[in-house]
Amino acid sequence: MGKKLFVLIAAALQLAATACGSTSPVAQPSASSLDCSISKLNLQTAGQLTVATDSPAYDPWFSNNTPSNGKGYESAVAYAIATQLGFSASQLKWVVEPFDSSYAPGPKKFDFDINEISVTPEREQVVSFSKSYFDVNQAVVSLKSNPIVNAHSPTDLANYKYGDQVGTTGLAYIQSQIKPTKTPRVYNTLDDAVSALKTKQIDAIVIDTPTAQYMASQQVPNGTVVGQFPPAGEHMGLLFAKDNLLVACVNQAIDKLNSAGTFKNLQTQYLSDYISIPVIQP
Amino acid sequence: MVPASTDRPQRGSRLLGGGRGVVASTTSTVLVIGLLAFLVLLAPGSAEVRHTFFSLGDMRRALVGDPEHGIFSVSGALVLNIEMFLVAEVLILALALAIAVIRQLHAAALLPIRLLAVIYTDFFRGVPLILVIYAIGFGLPALNLDVISTQEPVVYGVAALVLSYAAYVSEVYRAGIDSVHPSQAAAARSLGLTEWQALRFVVIPQALRRVVPPLLNDFISLQKDTALVAVLGVIEANRAAGIYSSTVFNYSGYTVAALLFLVLTVPLARFTDYLVARDRRKRHGEVAA
């Protein structure tokens, strides 16, 4: 009995080892062989570009929580890329993908996800990102009545109570650059963080400048952007399944849009307010 | 019917089936576990899943934390879960007993307060715990009152846990009180004790002994539900794991949190089993005598 079992287990282990070893690396296309006509693209659904974002979709990245209206910076960028690739507006289909599941293992239900996701080397081990469609600065949002509005030298900044949404690079910035003496509060959504700011449970939120600008002007009564931190090389990229062949064609489209000045124009149109915000040091 | 107390094998061999059952139970266990392992190991996405959930390097980093990169230690954060659990447990036991006793009193003048107790248990058993946490944790600070609106989120979280769990636990107490035979109370009354004294010295002591296992069951559940307080911004074990996952795009931090919760709850679960078994032995003893 014991021997039979042993043989069975040994066979199972061997089989498992073979199965694991059989995963072959995905071939990378060479630049010369890049064919980006729609029929050749690696798509979820042939003839259709499936783009994901979270719900609710926040301003100024989207408008009215309706990604399909083409308004808001990320919505406009998605349509610009689709057009550049040769799709018509009606061939772009939006799906909802919560941030937390966008990097889950297994097949993706989108071609790419556009959701203010910052590119980091650790994240790039799990998913693939496109080139930058927006370079990110972090900014501080608070209430006009909070002392942080006047006292925000690097030493002052360490003494406030911060709050943020889980997984934001703003939270990582708080921990690695501001190094506060009090543990920050970390919420499920930005809305919860805003609610905590309104009820004075926290002193400030650190978030990318356009979102900060929107919060201070639209979501928080008597809110203000205290300042933005200098650029730290952070940028947002479209999120793809790891090694998706589509990335090369999308990057090509991004390059073309960049040289045509499209991103700059869209930033002026949707994100112009943030340029005037003063720069402060962490 | 054969009295169960005459042929009662030890717990260990009962689990295996006893005698010839040992072979059958071992074989079936190996088969079932082997099949499950096959399923996980041979699935097309196996390597990916094992990396995403069981990467040892990520598990270690999530366990000890990495403050320089904004990563909180999951084990350090677990201390907060344990603190919340311990404080909440004491408050729940007291509040729930008070409610159960109120529902048990029969004086006509106490109707309004009995009614309140019924409404309380119905309400808090019916509303999802997470909504109670949200309502208290975001609602009370918004009131802008002096003491009530300026507490730490942990305090609001524990308050919500106490309100919700006291409703369940009061029902457990009530079942225990109801299980004490009415003749006990009647006998106490005939000795000259008041209704309250009969409840306090005769009924409740017997009831409490009987409800210890179901109470412990509720507390195993409470240990896990402390994780829900994270929605108020508190960095407890589950939230620390969530921060890790979304920072590096790897869920192994959640696996660490799950393992730590198991370390907390499994001993309590086994202790509950032990108490149930002891209680059963005792009662069979009583019947035999």
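Residues numbered from 1 in each chain as written. Chains lettered and ligands numbered in written order. Predicted model: local features only at pLDDT ≥ 70, side-chain atom pairs only at ≥ 80, totals over all residues.

**Some thoughts on the packing of helix α2 (residues 73-85) of chain A against helix α10 (residues 262-271) of chain A**
Residue and element names in this part refer to chain A.
Step number 1: Relative orientation of the contacting elements α2 and α10 amounts to 155°, with a least axis distance of 9 Å. Here α10 runs roughly antiparallel to α2, going by the angle between their axes. Here the hand of the crossing between α2 and α10 comes out right-handed. For the pair α2 and α10, the contacting residues are Tyr 73, Ala 76, Val 77 and Ala 80 in the first and Thr 262, Leu 266, Gln 267, Tyr 270 and Leu 271 in the second.
Step number 2: Of the residues assigned to the contact of α2 with α10, the class counts are seven nonpolar, two polar and no charged. (Axes fitted to C-alpha atoms, helices over the stretch in contact; angles between N-to-C directions. Helix = DSSP H or I, 4+ residues; strand = E, 2+ residues; numbered from the N terminus. Parallel < 35°, antiparallel > 145°, perpendicular 65-115°, else oblique. Left-handed = near helix turned anticlockwise from the far one by under 90°. Contact = placed C-beta atoms within 7 Å. Nonpolar A, V, L, I, M, F, W, Y, C, P; charged D, E, K, R; others polar.)

**Description of the packing of helix α8 (residues 153-179) of chain B against helix α10 (residues 195-225) of chain B**
A pair of packed helices is characterised by two quantities: the angle between their axes and the separation of those axes.
Residues and elements named next belong to chain B.
Step number 1: Here α8 crosses α10 at 150°, and the two axes come no closer than 8 Å. For the element pair α8 / α10, the angle class is roughly antiparallel. In terms of crossing hand, the pair formed by α8 and α10 is right-handed. Packed against α8, whose contacting residues are Leu 161, Tyr 165, Tyr 168, Val 169, Val 172, Tyr 173, Ala 175, Gly 176, Ile 177 and Ser 179, the element α10 presents Val 203, Ile 204, Ala 207, Leu 208, Arg 210, Val 211, Pro 214, Leu 215, Asp 218, Leu 222 and Asp 225 at the interface.

**Concerning the pairing of strand β5 (residues 138-143) of chain A**
Residues and elements named next belong to chain A.
Step number 1: The buried fraction of β5 is high, at five of six residues.
Step number 2: The pairing of β5 with strand β8 (residues 204-208) spans five bridges and is classified as antiparallel. By the bridge assignment, Ala 139 is partnered in β8 with Ile 207.
Step number 3: As paired strands, β5 and strand β9 (residues 223-228) are joined by five bridges and run antiparallel to one another. Note on β9: the bridge partner recorded for Val 140 is Gly 227. (Buried ≥ 20, exposed ≤ 12 C-beta atoms within 10 Å, placed from the backbone. Pairing = 2+ DSSP bridges.)

By themselves, these observations are geometric and do not establish any function.
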